[in-house]
Amino acid sequence: MLQQTWTSRCLMKFYAVVAASPTSWESHKIAERIEQRILNSNPVMEAFGNACTLRNNNSSRFGKFIQLQLNRAQQMTGAAVQTYLLEKTRVACQASSERNFHIFYQVCKGASEDERLQWHLPKGAAFSWLPNPERNLEEDCFEVTREAMLHLGIDTPTQNNIFKVRKKAMPHTFGRDNRPLS
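Since this is a predicted model, take the numbers as computed values, not measurements.

Topic: the pairing of strand β4 (residues 76–84)
As defined by bridge partners, strand β3 (residues 63–70) adjoins β4 across eight bridges and the pair is classed as antiparallel. Paired with Gln69 across the bridge in β4 is Gly78. Taking the residues that link successive antiparallel strands as the turn, the β3-β4 hairpin has five residues, and the phi of Gln74 there is positive, at about 65°.

As structure tokens, this is what we get:
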């Protein structure tokens, strides 16, 4: 678990204990559910927002702001997680020894044969947006990301739509007479 994740968990637990009424079992369970959803969001945000850089195998390319919501009795009733400064340029290019966002490697390494066919990811294909695929990292665990997505309410059909590679129309190559060569 990342240090910042561990710190977030400790702070949420502390606040949940301090803020929850000692007589209210229900408010304690609500706080635990909120904490669990926030923690389940972490593998998803790491997969889609972290990458292997020259200095760190799990470098966060985004910031995260967690807002805990309380009622008038200071009991936790909800939370909002906002991300910011996502480094979108990483999708298109990385330094020579770096890797793209973890999710690309997770999908390519963790998809079943059927999923690979469904998602248009032929086995053994090389993708220009997937540099250094031979490096195996702890962060390449696709099942952890998928399980976290399920816990957050992202069902399997929605996940399939997320992971599917959209085919780009190939431009025709034209000869001198302006007719397609193919």
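There's more to say after this.
Regarding the packing of helix α2 (residues 25–49) against helix α5 (residues 142–151)
For the pair α2 and α5, interaxial distance at closest approach is 8 Å and the crossing angle is 135°. Classified by the angle their axes make, α2 and α5 are oblique. The handedness of the crossing between α2 and α5 comes out as left-handed. Here Arg37, Asn40, Pro43, Val44, Ala47 and Phe48 of α2 lie close against α5, whose contacting residues are Val144, Thr145, Ala148, Met149 and His151. Tallied by class, the residues present in the contact of α2 with α5 amount to seven nonpolar, three polar and one charged.

Conventions used here
Residues numbered from 1 in each chain as written. Predicted model: local features only at pLDDT ≥ 70, side-chain atom pairs only at ≥ 80, totals over all residues. Heavy atoms only, no water. Pairing = 2+ DSSP bridges. Helix = DSSP H or I, 4+ residues; strand = E, 2+ residues; numbered from the N terminus. Axes fitted to C-alpha atoms, helices over the stretch in contact; angles between N-to-C directions. Parallel < 35°, antiparallel > 145°, perpendicular 65-115°, else oblique. Left-handed = near helix turned anticlockwise from the far one by under 90°. Contact = heavy atoms within 4.5 Å. Nonpolar A, V, L, I, M, F, W, Y, C, P; charged D, E, K, R; others polar.

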